2 protein chains.
Amino acid sequence: MALLPDLGTEIVIPVCAAIGIVFSLVQWFLVSRVKLSPERGGESPAKNGKNGYSDYLIEEEDGINDHGVVVKCAEIQSAISEGATSFLFTEYQYVGIFMIAFAILIFLFLGSVEGFSTKSQQCTFNKEKLCKPALATAIFSTVSFLLGAFTSVVSGFLGMKIATYANARTTLEARKGVGKAFITAFRSGAVMGFLLAANGLLVLYIAINIFKLYYGDDWEGLFEAITGYGLGGSSMALFGRVGGGIYTKAADVGADLVGKVERNIPEDDPRNPAVIADNVGDNVGDIAGMGSDLFGSYAESSCAALVVASISSFGMTHDFTAMCYPLLISSMGILVCLITTLFATDFFEIKAVKEIEPALKKQLIISTILMTVGIAIVTWTCLPSSFTIFNFGAQKVVKNWQLFLCVCVGLWAGLIIGFVTEYYTSNAYSPVQDVADSCRTGAATNVIFGLALGYKSVIIPIFAIAISIFVSFSFAAMYGIAVAALGMLSTIATGLAIDAYGPISDNAGGIAEMAGMSHRIRERTDALDAAGNTTAAIGKRYAVTFYLGFFTRLSECSFFKDLMLHLSFDSLNLFSGICHWIAALVSLALFGAFVSRASISTVDVLTPKVFIGLIVGAMLPYWFSAMTMKSVGSAALKMVEEVRRQFNTIPGLMEGHAKPDYATCVKISTDASIKEMIPPGALVMLTPLIVGIFFGVETLSGVLAGSLVSGVQIAISASNTGGAWDNAKKYIEAGASEHARTLGPKGSEPHKAAVIGDTIGDPLKDTSGPSLNILIKLMAVESLVFAPFFATHGGLLFKL
Amino acid sequence: MALLPDLGTEIVIPVCAAIGIVFSLVQWFLVSRVKLSPERGGESPAKNGKNGYSDYLIEEEDGINDHGVVVKCAEIQSAISEGATSFLFTEYQYVGIFMIAFAILIFLFLGSVEGFSTKSQQCTFNKEKLCKPALATAIFSTVSFLLGAFTSVVSGFLGMKIATYANARTTLEARKGVGKAFITAFRSGAVMGFLLAANGLLVLYIAINIFKLYYGDDWEGLFEAITGYGLGGSSMALFGRVGGGIYTKAADVGADLVGKVERNIPEDDPRNPAVIADNVGDNVGDIAGMGSDLFGSYAESSCAALVVASISSFGMTHDFTAMCYPLLISSMGILVCLITTLFATDFFEIKAVKEIEPALKKQLIISTILMTVGIAIVTWTCLPSSFTIFNFGAQKVVKNWQLFLCVCVGLWAGLIIGFVTEYYTSNAYSPVQDVADSCRTGAATNVIFGLALGYKSVIIPIFAIAISIFVSFSFAAMYGIAVAALGMLSTIATGLAIDAYGPISDNAGGIAEMAGMSHRIRERTDALDAAGNTTAAIGKRYAVTFYLGFFTRLSECSFFKDLMLHLSFDSLNLFSGICHWIAALVSLALFGAFVSRASISTVDVLTPKVFIGLIVGAMLPYWFSAMTMKSVGSAALKMVEEVRRQFNTIPGLMEGHAKPDYATCVKISTDASIKEMIPPGALVMLTPLIVGIFFGVETLSGVLAGSLVSGVQIAISASNTGGAWDNAKKYIEAGASEHARTLGPKGSEPHKAAVIGDTIGDPLKDTSGPSLNILIKLMAVESLVFAPFFATHGGLLFKL
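These figures come from a predicted structure and were not determined experimentally.

Criteria and thresholds
Residues numbered from 1 in each chain as written. Chains lettered and ligands numbered in written order. Predicted model: local features only at pLDDT ≥ 70, side-chain atom pairs only at ≥ 80, totals over all residues. Heavy atoms only, no water. Helix = DSSP H or I, 4+ residues; strand = E, 2+ residues; numbered from the N terminus. Areas by Shrake-Rupley, 256 points an atom, 1.4 Å probe, with all protein chains shown as cover. Patch = residues over 30% accessible without salt bridge, like charges linked within 9 Å, V, L, I, M, F, W, Y side chains within 5 Å. Salt bridge = Lys/Arg side-chain N within 4 Å of Asp/Glu carboxyl O. Buried < 20%, exposed > 50% of the residue type's maximum accessible area, 1.4 Å probe, protein only. Contact = heavy atoms within 4.5 Å. Least-squares fit on C-alpha atoms with pLDDT ≥ 70 in both. Buried area = accessible area lost by both parts, 1.4 Å probe. Polar contact = N/O pair within 3.5 Å; in protein donor to acceptor, adjacent residues only side chain to side chain. Expected span 1.5 Å × (residues − 1). Bend = angle between axes of the 7 residues up to and from the residue. Axes fitted to C-alpha atoms, helices over the stretch in contact; angles between N-to-C directions. Parallel < 35°, antiparallel > 145°, perpendicular 65-115°, else oblique. Left-handed = near helix turned anticlockwise from the far one by under 90°. Nonpolar A, V, L, I, M, F, W, Y, C, P; charged D, E, K, R; others polar. Pairing = 2+ DSSP bridges. Phe/Tyr/Trp six-rings, centres within 6.5 Å; stacked < 30°, edge-to-face > 60°. Disulfide = S-S within 2.5 Å.

1. Observations regarding the overall build of chain A
Okay, so step 1: Broken down by element type, chain A carries 27 helices and four strands.
Okay, so step 2: Total accessible area on chain A stands at roughly 24600 Å², and carbon and sulfur atoms take up 64% of it.

Here it is, written out as structure tokens:
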């Protein structure tokens, strides 16, 4: 028996969730202290210097009115926020209809398993007991499905709101120094991370407790019904990721193709009509989409672990604490991430741009080390020293130290994969530098080298995945896989904080450019430099020091935009590797749970049913990628036409006299992405249903295994290829080394080749790559939920 | 019992093989009647017109001395032939050493299975009988391995010799008309096709009969030993394809990057030092490499079918005719292809360029229809009406009509996949036109659309593969798969003729350009046209008619070169789809044979051993592609440096006064490709050995299944993406439609974008894509040969 009594578990989990929520509210409060209204400065100018800040600001000192800039920032922020809100609401309307229809489908399909009978049935795994009827599972699955979808919506929406709340504040804080800007952006990321982690845990916990009122001792039925939560979260994530991914890339590519290429104006130039849509895209794609995605992973792996655990020995003996092991790991994760966050925001201070990247990496390392200790504590206090796990027809004895190793292997392999991704996509290392070098001979060699790099970057992650799957599978069968996934997901709050940090600071840069801040500051500093004035105030010194450091290198770029580029570095790339890793594990865990639930004992490749599933499954990621890439292309084309139209028909737009019609571009992106997300969404949602109904569970197992092993490779290679091209371009633009300077500057032939690579990489790394994660996870969780139906009524074609 | 007596089988097979060889010699003789020596014309000028031809030649009529051109063509041809011979000899030296080392390895590994004992052992599948010792299998496997390698060398080498013999002759014949040129090129292809098919059949047949002298009734041992033939053929094919692929693309990319891009001289311009190397590359890569590849497929699928058949009911009852069913199918194939060839060379005459493409397609269709009848004849005369097949531990009853359907499904699915490939890669259809259209917005959209097209083109072929695998698997287990592969391979002679036709006419175009033929002809025809002279002789009329047809469109291109481009159309693309299809089936058949031989009864994805194999196996094609793409890049870079050096250091080269040093470029390509083929080769050859020895047969099964399902998708998408880019470029260049003309002409921005796509596609479609076929087949056949060793001594890591 475990050390922690059941009552303790009942208290610990909600308390940890509450701590997470409170912590995130505190962070929000700290971010909100940066004021966006210029009035405040006007009200009490004598209070403590100027504008409510104790630090000096470059712009004010020069006598330039600060109000104008702040008002402009606030304006832009609210435009971005409105655009994002309007997109998400439109998306939720369509997805809402789909969700209701799908909920009805779940109810009908699962209810039909026993012909909508209300009588209790013999349990599947414990023949002596009576279990609740399939109709109950149908009802509760439907409820938990809707609950999962709703929680996902809340997670994504709040994330977006926080991000759009924080971006202009980050811009304003950047005037005071890199440290301030960093903390604002990072805190905002943390708000999202903690809210999402705590929210997901709390809703799941409450749902389990409420469902238990009905199910009582039938934990098998209870946790089967809970899987709907994973499906709901993941379905929402699909549309969030795909829709958001198409939105962000359509706006981005559309803005670039007309603005940068045809009209030769800089990125994020306020004259570009698609510029607001572009910034909205970052928030709905990279923030809301990713939030939904990670929430989905979290919900799915928890559900997979719970459903496997429900048929283990502690499921049978009703050891509630051991049963809640996955949730306790997540609870511990919230505490660990809280401490980790303090390292970034309070224990150390960022003083220079070059400290940012190590600080973010340190976050990952600190959380991993702390979490290892946390997992040990949870394992030895909550698990019996030995228990049995159901392993496809057999029972497997597992020791608690073995399960500890399973969780750790997931956690540490994730870290390794993250750093391998970083190695292949960061321009600090030779792979990206080689790609940049290949731009010398033109775009073609750049693309060839980039593709080769992406292919190559798959090798180590796959070995890491294989080893950790082998270890956790050998120790604790599918339960081992599920908790390995949770191991990585336990530090989700920190991961999300790092990941959200990127788009927030990217947006902040865009706002700076649009508000026209950079030019004034540049003039100001040029004058300052010429006069040899070294008696600047502290705030100014900060700004000028890091500005001058950059200015020599980035003489052609606008200041703030580039600062933000450097602030945002490539955290997304590092984390994208971890996302693929999580997706692979979660998908495998769900696959295992599906197989258990569908009562399949072997998935033999040597049977034709399974083999055709395998090869068709391996094809699905290609089909899906083709669809999403085409979708981005079509949506971008519509955007290009609109932007061209505006440049051609609005007089004085290019000269900056007239304001472009931002709203139409936002609307076009919204409509196009909603329309274009339907075919890929349908592919993912319908495949398990069609295969399960017509070909049965064996073929469906093959499809899941095939799409998993093929999809994870394409996802990793696509993301890394895209990331490498992106950073190869930045490498040339930054010109930080002797080598980089021979390739640049901006506008040189190698740079043009690098820009082509970057544009190709956009849909790969921001649409196809991340969406593939959802493809493999969602098909697995959908199969899991419908498993009883497929096992009873599926395989129509083979019954003929 | 079958209708055909055993004696009949013993006669029919060698007779068919002999017919094939005689037919190919006849074709060779017909090609050789086109004389390359100018003397002949000088000897008997009065005999029948001029220069030994009865047709008038444009150049002669105009009084221009024909001798110069013929001498030049002969010179160029011998340079190409010498370069190709020297490359192949260098390659064979290195590969020879490897082959001997590997042969020793085979002997040691297989001999060690029973500790080099010379005593007979109990048979695996028929416990009552005694079988020959493992040592005998070791010796005979080694012998058949060397035999397979040698036959592959002969096939590739003869193919190359014929192709280099034919290319200048095609050039010269082109002066007389498109029909003559077509027939010369096609006959040469047929020489290769028939020689290869007949040779492969004959050697295999003889080997079986010789081995039978020792093995007697132990057919199980006999056909196990014969599998070495497949491994030998396939190992050679690996190096042929990879080495040849790197050679051809390094020379091509190197020549283009300096010649076309930097120096702005046309393709195949004789001033380009890499031009001979480029043409050599076509012969060693597309001809010798592909010849070895298809021979390997043929040997492998025959071996797979034979080894599975040896443990079937007719293997047990020693029904020799039924046992030889795979060889009889191939014998019938030779006869069918012979008739089919006559349709192209004798029954119909090609009179215009636009008739060529349909004629080649008709070849495929005719051979498929005739072969269907042929298969029916073979099936009903050679097979008992019902027999049993060993199906992973169980016995399966198969009817002869079911086996007929298995072979047919292979044959017809291959045809369908060929035409789907054609649809996605030919510029006559919308997919390629869309890709061409995307060049409007630059290279980036071109690449995105091309990649999406490649992904999309996987869908139908994979469904076709899945359906035919399901049908043949359900009917006759792995034997069904093996004969399905043979179904497609039975028409290999026609397939090869079509496939070899492409590079031969491509080379012919190159020779025309290098010999400077085009310019003279163009002037001549311009004058002719201006004078309104319509009283031209028949030969001239032909030439002028089709020339003028093109001239209006291709005004900027040199005439002959472009004619040849159109002659060569995209037969390679159409056939590449079929090659992938064959590779998938062959690999699966070998996989099945391996599993049978290693006595595995299930390959359960739900065991960790198999799953890690599956995911690592799915990664191997990415690793391999990364290697080959990088190899092409490195080899091309060396070529670029040498070509630049020559342009910079040889005075008068650009002006055409000095001759470039072709030989050095040939040497660089040779050395680079030999060196660069080692790492990918090692990956393929070592993986099964390492996995088998350390992880055992279950993990190896997973690796084979994973690499098969993942590799076939990458191969198809890479080939089709490359093919589509190639044809999108040609579409813009040809400007045949209103739409195409808005994108062109050569040198326009869309055309430049299309050229970038084409260059990216080169390594994809000519190196990675085709090499992947070998990867999946070779790993399977190697596993099959070493299966007894792995089953006995393998899996060291899990034995610890």
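2. Some details on a nonpolar patch on the surface
Okay, so step 1: A cluster of nonpolar side chains, B:Leu686, B:Ile690, B:Phe694, B:Leu796, B:Leu797, B:Phe798 and B:Leu800, forms an exposed patch at the surface whose accessible area comes to about 660 Å².
Okay, so step 2: At the level of secondary structure, the elements contributing two or more residues to the nonpolar patch comprise α24 (678-734) and α27 (796-799) of chain B.

3. Remarks on the environment of B:Phe194
Okay, so step 1: Relative to the assigned elements, B:Phe194 resides in helix α6 (residues 178-215).
Okay, so step 2: In sequence terms B:Phe194 and B:Val22 are 172 residues apart; their C-alpha atoms lie 9.0 Å from each other.

4. A closer look at unusual backbone geometry
All names here are of chain A.
Okay, so step 1: Phi at Ala-477 takes a positive value of approximately 45°, unusual for a residue other than glycine.
Okay, so step 2: In this structure, Ala-477 sits in helix α16 (residues 459-489).
Okay, so step 3: Overall, the relative accessible area of 1% leaves Ala-477 in the buried class.

5. Observations regarding the pattern of salt bridges
Okay, so step 1: If you walk through the whole model with that rule in mind, you get 36 salt bridges over all chains.
Okay, so step 2: A:Arg597 is the partner of A:Glu224 in a salt bridge, and the nearest nitrogen-oxygen pair spans 2.6 Å. Highlighted residues: A:Glu224 in helix α7 (residues 219-263) and A:Arg597 in helix α21 (residues 571-597), separated in sequence by 373 residues. Of the two residues, A:Glu224 and A:Arg597, both sit in the buried class.
Okay, so step 3: Note that B:Lys667 and B:Asp671 form a salt bridge whose closest N and O atoms lie 2.6 Å from each other. Within this pair, B:Lys667 and its partner B:Asp671 are both found in helix α23 (residues 662-676), separated by four residues, close to a single helical turn.
Okay, so step 4: According to the relative accessible area criterion, B:Asp671 is partly exposed, its value standing at 36%.

6. Remarks on the side chain of B:Ser472
All names here are of chain B.
Okay, so step 1: Relative to the helices and strands, Ser-472 resides in helix α16 (residues 459-489).
Okay, so step 2: Relative accessible area serves as the criterion here: at 0%, Ser-472 is assigned to the buried category.
Okay, so step 3: Setting aside residues up to four positions removed in sequence, Ser-472 forms contacts with Cys-406, Val-409, Ala-477, Gly-480, Ile-481 and Ala-484.

7. Considering the relation of the copies chain A and chain B
Okay, so step 1: Of the two same-sequence chains, chain A is brought onto chain B (RMSD 0.0 Å, axial shift 0.1 Å) by a rotation of 180°. Seen this way, the second copy is the image of the first under a two-fold rotation axis. Of every C-alpha in chain A, the one belonging to A:Asp604 sits nearest the axis of rotation, 2.2 Å from it.

8. Details of the interface of chain A and chain B
Okay, so step 1: Between chain A and chain B, the residue contacts involve 64 residues of the former and 63 residues of the latter.
Okay, so step 2: Buried area between chain A and chain B, summed over both chains or domains, comes out near 6000 Å², and the portion from carbon and sulfur atoms is 87%.
Okay, so step 3: Between the two partners, chain A and chain B, sit zero salt bridges.
Okay, so step 4: If you look at where chain A meets chain B, you find seven residue pairs in polar contact (both at pLDDT 80 or more).
Okay, so step 5: Those elements giving two or more residues to the side of chain A that touches chain B turn out to be α15 (443-456), α16, α21, α22 (608-649), α24 (678-734) and α26 (749-793) of chain A.
Okay, so step 6: Looking at which element gives the most residues to the side of chain A that touches chain B, the answer is α22(A), with 17 residues.

9. Looking at helix α26 (residues 749-793) of chain B
Every α-helical turn comprises 3.6 residues, leaving residues that sit three or four positions apart pointing alike.
Residue and element names in this part refer to chain B.
Okay, so step 1: Along its 45 residues, α26 runs 62 Å from first to last C-alpha, staying within 8% of the 66 Å computed at 1.5 Å per residue.
Okay, so step 2: If you look at α26, its biggest bend is around 65°, right at Phe-786, and the proline Pro-788 turns up within four residues after that.
Okay, so step 3: Looking one or two places after α26, you find Gly-795, whose phi comes out positive at around 70°.

10. Examining the packing of helix α5 (residues 134-174) of chain B against α6(B)
Residues and elements named next belong to chain B.
Okay, so step 1: Axis separation between α5 and α6 bottoms out at 9 Å; the angle between their running directions is 165°. Considering the angle they form, α5 stands roughly antiparallel to α6. Relative to α6, α5 is oriented so that their crossing is right-handed.
Okay, so step 2: Class assignment of the residues belonging to the contact of α5 with α6 gives a composition of 20 nonpolar, nine polar and three charged.

11. A closer look at the packing of helix α12 (residues 356-382) of chain A against helix α17 (residues 492-514) of chain A
Residues and elements named next belong to chain A.
Okay, so step 1: It is the contact of α12 with α17, at a shortest axis distance of 10 Å, that shows an interaxial angle of 160°. Comparing the axis directions of α12 and α17 gives the class roughly antiparallel. The two elements α12 and α17 meet at a crossing, and its hand is left-handed. Counting all contacts with α12, which are made through Ile-356, Leu-360, Gln-363, Leu-364 and Ser-367, the residues of α17 involved are Thr-494, Ile-498 and Tyr-501.

12. Describing the pairing of strand β4 (residues 394-399) of chain B
Residues and elements named next belong to chain B.
Okay, so step 1: Of the strand pairs in this sheet, strand β3 (residues 386-391) and β4 are connected by six bridges, and their pairing is antiparallel. Each residue of the ladder has a partner; that of Thr-388, found in β4, is Val-397.
Okay, so step 2: Following β3, the chain reverses through two residues before pairing antiparallel with β4; Phe-392 in that reversal takes a positive phi of roughly 45°.

13. Focus on the packing of aromatic side chains
For any pair of aromatic rings, the description consists of the separation of the ring centres together with the inter-plane angle of the planes.
Okay, so step 1: Using the criterion set out here, one finds 56 aromatic pairs over all chains in the structure.
Okay, so step 2: Measuring from centroid to centroid gives 5.7 Å for A:Phe109 and A:Phe786, while their planes differ by 70°, and the two rings are edge-to-face. Here A:Phe109, found in helix α4 (residues 66-111), pairs with A:Phe786, found in helix α26; they are 677 residues apart in sequence, far enough to count as distant. Pair check on accessibility: A:Phe109 and A:Phe786 agree, each one buried.
Okay, so step 3: Ring plane angle 55° and centroid distance 6.0 Å describe the contact between B:Phe789 and B:Phe790, whose orientation is recorded as tilted. For the pair B:Phe789 and B:Phe790, a shared accessibility class is recorded, and that class is buried.
Okay, so step 4: Here the aromatic cluster, defined as three or more aromatic residues joined through ring pairs, consists of A:Phe98, A:Phe102, A:Phe109, A:Phe145, A:Phe239, A:Phe786, A:Phe789 and A:Phe790.

14. Digging into the state of the cysteines
Residues and elements named next belong to chain B.
Okay, so step 1: All told, the structure shown has zero disulfides over all chains when counted by the stated rule.
Okay, so step 2: Cys-324 carries a free sulfur, and the closest cysteine sulfur to it, the one in Cys-382, is 9.2 Å from it.
Okay, so step 3: The class for Cys-324 is buried, based on a relative accessible area of 2%.

15. Considering helix α1 (residues 6-32) of chain A
Residue and element names in this part refer to chain A.
Okay, so step 1: Its 27 residues give α1 an end-to-end C-alpha distance of 40 Å, which sits within 8% of 39 Å, the value for a rise of 1.5 Å per residue.
Okay, so step 2: Three or more residues of α1 are buried, namely Gly-8, Thr-9, Ile-13, Cys-16, Ala-17, Gly-20, Phe-23, Ser-24, Gln-27, Val-31 and Ser-32.
Okay, so step 3: Those residues of α1 that are buried are in contact with α5 (134-174), α6 (178-215), α10 (320-323) and α11 (325-347).

16. Thoughts on the environment of B:Tyr731
Okay, so step 1: Here B:Tyr731 is to be found in helix α24.
Okay, so step 2: Since its relative accessible area comes to 7%, B:Tyr731 is described here as buried.

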